[in-house]
Amino acid sequence: MSAIKLHIRKGDKVQVLSGKDKNKKGKVLRALPRENKVLVEGVNIVKKHAKPTQKIPQGGIREMEAPINASNVMLICPSCQQPTRITRRNLADGKRVRGCKNCGELIDK
Ligand SMILES: [Zn+2]
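Keep in mind that what you see is a predicted model, and the values were worked out from it rather than measured. (Residues numbered from 1 in each chain as written. Predicted model: local features only at pLDDT ≥ 70, side-chain atom pairs only at ≥ 80, totals over all residues. Heavy atoms only, no water.)

**Overview of the domain arrangement of the protein chain**
- Examined at the domain level, the protein chain breaks down into domain 1 (1-76) and domain 2 (78-109).
- Put simply, the middle of domain 1 and the middle of domain 2, counted by C-alpha atoms, are 23 Å apart.
- Each side of the interface is counted separately: domain 1 has 10 residues, and domain 2 has 11 residues.
- Both sides together, the interface formed by domain 1 and domain 2 hides about 910 Å², and carbon and sulfur atoms give 51% of it.
- When residues of domain 1 are sorted by the area they lose upon contact with domain 2, R9, L75 and I76 head the list and together hold 55% of the total.
- The interface formed by domain 1 and domain 2 holds two salt bridges in total.
- Where D108 meets R9, a salt bridge forms, and the shortest distance between an N and an O atom there is 3.4 Å.
- At the junction of domain 1 and domain 2, the tally comes to four residue pairs in polar contact (both at pLDDT 80 or more).
- Only β1 (13-16) and β7 (73-76) provide two or more residues apiece to the side of domain 1 that touches domain 2.
- Among the elements that make up the side of domain 1 that touches domain 2, the one with the highest residue count is β7 (three residues). (Domains from an automatic or database assignment. Contact = heavy atoms within 4.5 Å. Buried area = accessible area lost by both parts, 1.4 Å probe. Salt bridge = Lys/Arg side-chain N within 4 Å of Asp/Glu carboxyl O. Polar contact = N/O pair within 3.5 Å; in protein donor to acceptor, adjacent residues only side chain to side chain. Helix = DSSP H or I, 4+ residues; strand = E, 2+ residues; numbered from the N terminus.)

Rendered as structure tokens:
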């Protein structure tokens, strides 16, 4: 029952490390642990041809985010606002939480 876990979770703020959106920051919209990918708001925008719908009968081009590799982003610590590596900590109640390697604050509260 060992679930695959990413160091990034939905709702995290991250910075992109490489690629066309290098240094861009955004919020994680979705984490895809199976694919080791994340979907980040405003990052890796692709144009998709949309099928005509009742609302938009002519169809058209829709811009949307495409997932990027989770290793290409770094978590931005909510406490020190710096891109950081994370440490794993075990709390007294057995819960595992992430900590900031920069400032030492817990990221998951
Ligand atoms: Zn920090």
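**Focus on the coordination of the zinc ion**
- Looking at the zinc ion, the protein donor atoms are C77 (SG), C80 (SG), C100 (SG) and C103 (SG), and they sit 2.2 to 2.3 Å from it.
- One way to put it: the four donor atoms around the zinc ion meet at angles of 103 to 115 degrees, and that makes the site tetrahedral.
- Read in sequence order, the donor residues for the zinc ion give the motif C-x2-C-x19-C-x2-C.
- On the basis of relative accessible area, C77 is assigned to the buried category, the value being 1%. (Donors = N, O, S within 2.8 Å, 3.2 Å for Na, K, Ca; no water. Tetrahedral: all angles 85-135°; square planar, octahedral: opposite > 155°, others 65-115°. Buried < 20%, exposed > 50% of the residue type's maximum accessible area, 1.4 Å probe, protein only.)

**Brief notes about the nonpolar core**
- Residues I8, V14, V38, V40, I68, V73 and L75 are the most contacted members of the largest nonpolar core, which totals 16 residues.
- Listed by contribution, the elements that provide at least two residues to this core are β1, β3 (37-40) and β7.
- If near-sequence neighbours (up to four positions away) are discounted, V38 is found in contact with L6, I8, V28, R30, A31, P67, I68, A70 and V73. (Core = buried A, V, L, I, M, F, W, Y, C linked by side-chain atoms within 4.5 Å.)

**So, the side chain of T84**
- Within the element layout of this structure, T84 appears in strand β8 (residues 83-84).
- Side-chain polar atoms of T84 contact the backbone nitrogen of K101, separated by 3.3 Å.
- If near-sequence neighbours (up to four positions away) are discounted, T84 is found in contact with M74, L75, C77, C100, K101 and N102.

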